[in-house]
Amino acid sequence: QVQLVESGGGLVQPGGSLRLSCAASGNFFKLYDMSWYREAPGAQRELVAVISRFAVTNYTDSVKERFTISGDNAKKTVYLQMNSLKPEDTAVYYCNAMVMTTDYWGQGTQVTVSS
């Protein structure tokens, strides 16, 4: 099976930056659709960014021009570069991989944007 481990979260001030990492291990040999989701307190989990197996990226409107999703195939790692962070970005961020028809999730990493 596939295991996903997120890292890179933390506490930053508004306007700061963070880079989240999602490392895949296990039975993970091909390119798959990879996504970042986030879940803020009292809110539903929402899709933030997607990088498809065709390397096409998409973002939710609230993070466009601020966040960038990318991947390193050699390291089997997907990244989320987050710039110009706002308090509204505070959430637990989850990595997701769709392998064939199965969804795999990481445990999440906390991002807190506060002064």
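Residues numbered from 1 in each chain as written. Predicted model: local features only at pLDDT ≥ 70, side-chain atom pairs only at ≥ 80, totals over all residues. Heavy atoms only, no water.

How would you summarise the pattern of salt bridges if you had to cite specific residues and measurements?
Across all of its chains, the model carries six salt bridges by this definition. Arg53 is paired through a salt bridge with Asp33; the nearest N and O atoms lie 3.4 Å apart. You can see Arg53 sitting in the loop between β5 (46-51) and β6 (57-59) and its partner Asp33 sitting in strand β4 (residues 33-39), a full 20 residues away along the chain. With a shortest N-O distance of 2.9 Å, Lys64 and Asp61 are connected by a salt bridge. Residues participating in the shared-partner salt-bridge network are Arg38, Glu46, Arg66 and Asp89. (Salt bridge = Lys/Arg side-chain N within 4 Å of Asp/Glu carboxyl O. Helix = DSSP H or I, 4+ residues; strand = E, 2+ residues; numbered from the N terminus.)

Tell me about the sheet that holds strand β1 (residues 2-7), and name the residues and values.
The four strands are arranged β1-β3-β8-β7 in an open sheet whose pairing can be described as antiparallel. Pairing within the sheet leaves two strands with one partner each, and these edge strands are β1 and β7 (67-72). Strand-to-strand twist of the sheet, defined as the mean angle between neighbouring strand axes without regard to direction, takes the value 15 degrees. As defined by bridge partners, β7 adjoins strand β8 (residues 77-82) across six bridges and the pair is classed as antiparallel. Across the sheet, Ser70 pairs through a bridge with Tyr79, a residue of β8. (Pairing = 2+ DSSP bridges. Axes fitted to C-alpha atoms, helices over the stretch in contact; angles between N-to-C directions.)

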